[in-house]
Amino acid sequence: RIDPQKGMIRLVFGLGTRAVNRVGGDYPRMIAVSHPELRPEVGAQIVKYSQKNVDLINLKSNQFLTEPLAVVLEGGDYPYLDLLASSMTDGYLHDIQSFDKVDKDLVLAFDNLIKRTPFVKIFGEMLTKLEKAWEQPVDIEFTAHIDSQRNIKINLLQCRSLQLPKTSGTAVNIPKNIPLERTLF
């Protein structure tokens, strides 16, 4: 059902290293720009295929660290956590009801960021403009920030041509009897 021409978003909390350097057992949220609320997982699978650790820079120790989500959120001030995380109860995701105590079983689902903000719309418009300017599909890296009025700001960090597999069906002919001095492998 998704339109691959509209693009995909690979979203993580913390530094973008979890989106770029894939780590087994830890997953970014994949969002189809054409159908942002559509996801392949249901129920407990959402927990299994969610981000569980956060890459960050500890400003006190000046170190790059990977910490469990519960440790990062513990005692932290995250006024818009309801946009990023949900609570899993009885096999179903629920919106966070209270910020008094951070639940250790929070799931980074980003559901309310998708449903209740223009994040995906802004992202889709940005991709469309970039692809038009580059005259080809693009791959971008970005950061996002939620301000005090719950407005979303997306900062473009990097933009490059999206490398797509050739679908022309043209066969590649590898020459035979290449001299050893001209052989790389």
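The structure presented is a predicted model; accordingly, all values stated were derived computationally and were not measured.

Enquirer: Describe the layout of surface pockets, with residues and values.
Expert: When its volume is computed, the largest pocket comes out at roughly 1,400 Å³. Every residue lining the largest pocket is counted, 47 residues in all, and those nearest its centre are Arg10, Leu11, Val12, Phe142 and Thr143. When residues of the lining of the largest pocket are traced back to their parent elements, those giving at least two are β1 (8-11), α1 (17-20), β3 (53-58), α4 (81-84), α6 (119-134), β8 (138-146) and β9 (152-161).

Enquirer: So what's going on with the nonpolar core? Which residues, and what values?
Expert: Core analysis: the biggest nonpolar cluster contains 33 residues, and Ile9, Leu11, Phe13, Leu113, Phe119, Phe123 and Ile140 have the highest contact counts within it. Elements that contribute at least two residues to this core include exactly β1, α3 (69-73), α4, β7 (106-108), α5 (111-116), α6, β8 and β9. Ranked by the residues each element gives to this core, the list is headed by α6, at 6 residues. Setting aside chain neighbours within four positions, we find Leu113 in contact with Leu11, Leu83, Phe119, Ile146 and Ile152.

Enquirer: Before we move on, can you summarise the pairing of β8 with the specific residues and values?
Expert: Looking along a regular strand, one sees the side chains alternate between the two faces of the sheet. Pairing of β8 with β9 involves 9 bridges; the strand directions are antiparallel. Note that in β9 the partner of Glu141 across the bridge is Gln158. Taking the residues between adjacent antiparallel strands as the criterion, β8 and β9 are bridged by 5 residues, where Arg150 takes a positive phi near 65°.

Enquirer: Go over the packing of aromatic side chains, please, and point to the residues and values.
Expert: Taken as a whole and assessed by the stated rule, the structure comprises 4 aromatic pairs. Seen from their ring centres, Phe119 and Phe123 are 6.0 Å apart, and the 40° between their planes marks the pair as tilted. Remark: Phe123 and Phe119 occur in helix α6; sequence separation between them is 4 residues, near one turn of the helix. For Phe119, a relative accessible area of 0% corresponds to the buried category.

Enquirer: I'd like to hear about α6, residue by residue, with values.
Expert: Counted at 1.5 Å a residue, the expected span for α6 with its 16 residues is 22 Å, and the 22 Å between its end C-alpha atoms agrees. Contacts from the buried residues of α6 go to β1, β2 (29-32), α5, β8 and β9. Downstream of α6 by one or two residues, Glu135 has phi in the positive range, about 60°.

Enquirer: Which residues make up the pattern of salt bridges, and what values go with them?
Expert: Evaluation of the coordinates by the stated rule reveals 10 salt bridges. Put simply, Arg29 and Asp111 hold a salt bridge, and the shortest N to O gap is 2.9 Å. With a gap of 82 residues between them, Arg29 in strand β2 and Asp111 in helix α5 connect regions that are remote in the sequence. The residues Arg29 and Asp111 share a single accessibility class, namely buried. The closest approach of N and O atoms between Arg39 and Glu41, which form a salt bridge, is 2.8 Å. For Glu41, a relative accessible area of 15% puts it in the buried group. One continuous salt-bridge network, built from bridges that share partners, spans Arg29, Arg39, Glu41 and Asp111.

About the cut-offs
Residues numbered from 1 in each chain as written. Predicted model: local features only at pLDDT ≥ 70, side-chain atom pairs only at ≥ 80, totals over all residues. Heavy atoms only, no water. 1 Å grid on protein atoms, 1.4 Å probe; cavity = no way out; pocket = protein on both sides within 12 Å on 5 of 7 lines; lining within 4 Å. Points joined across faces, edges and corners; volume = space filled by probe spheres on them. Helix = DSSP H or I, 4+ residues; strand = E, 2+ residues; numbered from the N terminus. Core = buried A, V, L, I, M, F, W, Y, C linked by side-chain atoms within 4.5 Å. Buried < 20%, exposed > 50% of the residue type's maximum accessible area, 1.4 Å probe, protein only. Contact = heavy atoms within 4.5 Å. Pairing = 2+ DSSP bridges. Phe/Tyr/Trp six-rings, centres within 6.5 Å; stacked < 30°, edge-to-face > 60°. Expected span 1.5 Å × (residues − 1). Salt bridge = Lys/Arg side-chain N within 4 Å of Asp/Glu carboxyl O.

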